[in-house]
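Tertiary structure, described
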Amino acid sequence: MDRAYLAPVAGLPLHLTGHGGDVVLDATSAAWVRLLQDGRRRDAHRHVVEFARLRNIAPGPYWKQLRHTAALEHSGALDEAATSLERNRLRPGPPTAGWSWCRLGTAAPWLSADGRAEVAALLRQAAADPLGPQQADVHDEWSALRLGGASARAWSPYAAALRVHPVHPYLDNTVVRAAFAVPSLTRRGLHVFKPLLAAALPDLPGWLLGRRSKGSFTPQRIASFQQHQGLLTDLLAVSPLATAGLIDSAAATSTLQRVAEGRSATGIGELHHLLVTSWWLTGQTRPMGAAC
């Protein structure tokens, strides 16, 4: 099994995996929103309560949030997010939030007044001209697949420069069509990790199929923020996003400081994206160790 899996990169000094597996073989809680859209309220409630109990979270607020998401649909969610930005009402979501058409995350409070107005205008424009399917699960899986494909394409020049040969088996058209032909609810496992993977490759070890999450890179990111805090603070101050008046660098720096000091782990992913984007926009060419 291992030899067959590693065959495309046999003999190469580095083997990287990813891009597409989560999207194609699994499904998010958008599957439960789709149940609500289809009027299958009882089925949706059963799945949500079971998931909440497994994660030791209160099912009531979680269920309420998913029902609100289903009722808004895509355009309504974009309009609601735009209104929140315009009125500067940016409340953090629950610790374990269900799927959303458009969630304003930790980065939203980093926007300046002008930045909030610009993003709100873009959201209003998108709400007035909706694109793609309006079923929550289909919308989510195709959006995630496009993002994964774009990421794979964007990384190709760096892979070539590093002499790395990327292989993306889960982005293969035949694999995508076959997986997406399986209803998202069937791919959404509560007790089995990626149930479609278990059905397709039954010889995989039980420890792999029984896990509920993957490893976390949070400790490594926090260590990098601590080690390079001064460099990253200076980078945020000169970021073109800040000098153009779109973000408040002080607000982002405050989040960076809390994370680097170990007082919070909220916003690590958003910080990572902001820092890498700022590094690229400033035209830097040397490696950014803190972004690794």
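Overview of the structure.

What counts, and at which threshold
- Residues numbered from 1 in each chain as written.
- Predicted model: local features only at pLDDT ≥ 70, side-chain atom pairs only at ≥ 80, totals over all residues.
- Heavy atoms only, no water.
- Phe/Tyr/Trp six-rings, centres within 6.5 Å; stacked < 30°, edge-to-face > 60°.
- Helix = DSSP H or I, 4+ residues; strand = E, 2+ residues; numbered from the N terminus.
- Buried < 20%, exposed > 50% of the residue type's maximum accessible area, 1.4 Å probe, protein only.
- Contact = heavy atoms within 4.5 Å.
- Arc of directions from axis to C-beta.
- Axes fitted to C-alpha atoms, helices over the stretch in contact; angles between N-to-C directions.
- Parallel < 35°, antiparallel > 145°, perpendicular 65-115°, else oblique.
- Left-handed = near helix turned anticlockwise from the far one by under 90°.
- Nonpolar A, V, L, I, M, F, W, Y, C, P; charged D, E, K, R; others polar.
- Salt bridge = Lys/Arg side-chain N within 4 Å of Asp/Glu carboxyl O.

1. Topic: the packing of aromatic side chains
For the coordinates displayed, the defined rule picks out four aromatic pairs. For the ring pair Phe-51 and Tyr-62, a centre distance of 5.5 Å and an interplane angle of 25° mean the geometry is stacked. Of the two residues, Phe-51 is situated in helix H4 (residues 41–55) and Tyr-62 in helix H5 (residues 59–86); the sequence distance between them amounts to 11 residues. Across the pair, exposure class does not vary: Phe-51 and Tyr-62 are buried alike. Centre to centre, the rings of Trp-99 and Trp-101 are 4.9 Å apart; their planes meet at 65°, and the pair counts as edge-to-face. Residue class for Trp-99 comes out buried when judged on its relative accessible area of 9%.

2. So, the side chain of Asp-137
Relative to the helices and strands, Asp-137 resides in helix H7 (residues 136–161). Overall, Asp-137 belongs to the buried group, its relative accessible area being 10%. Once you skip the residues sitting within four places of it in the chain, Asp-137 turns out to touch Ala-30, Ala-31, Arg-34 and Ser-184.

3. Concerning helix H12 (residues 218–227)
The α-helix winds at 3.6 residues per turn, so residues separated by three or four positions along the chain end up facing the same way. For H12, the full list of buried residues reads Ile-222, Ser-224 and Phe-225. What you see down the axis of H12 is that its buried residues fit within an arc of 160°, all on one side. More than 90 degrees from the buried face of H12, the exposed residues found are Pro-219 and Gln-227. Buried residues in H12 make contact with helix H13 (229–238), helix H15 (249–260) and helix H16 (268–281).

4. Focus on the packing of H5 against helix H6 (residues 113–128)
Following both chains from N to C, one finds H5 and H6 inclined at 165°, their axes separated by 8 Å at the closest point. When the axes of H5 and H6 are compared, the pair comes out roughly antiparallel. Seen along the crossing, H5 lies across H6 with a hand that is left-handed. Together, Ser-75, Leu-78, Asp-79, Ala-81, Ala-82, Thr-83, Leu-85 and Glu-86 of H5 and Arg-116, Val-119, Ala-120, Leu-123, Arg-124, Ala-126 and Ala-127 of H6 make up the contact between the two elements. Within the contact of H5 with H6, the residues separate by chemical class into nine nonpolar, two polar and four charged.

5. Topic: unusual backbone geometry
Non-glycine residue Asn-56 carries a positive phi angle of around 55°. Summarising the element assignment, Asn-56 is placed in the loop between H4 and H5. The class of Asn-56 is exposed, set by a relative accessible area of 71%.

6. Section: the pattern of salt bridges
Applying the stated criterion across every chain yields a total of eight salt bridges. Between Asp-79 and Arg-124 there is a salt bridge, and its shortest N-O distance comes to 3.2 Å. A residue pair is termed long-range when its members are at least 10 positions apart, and Asp-79 in helix H5 and Arg-124 in helix H6 qualify at 45 residues. Residue Asp-79 is classed as partly exposed on the basis of its relative accessible area, which comes to 30%. Overlapping salt bridges, with partners in common, bring together Arg-34, Asp-38 and Asp-137 in one network.

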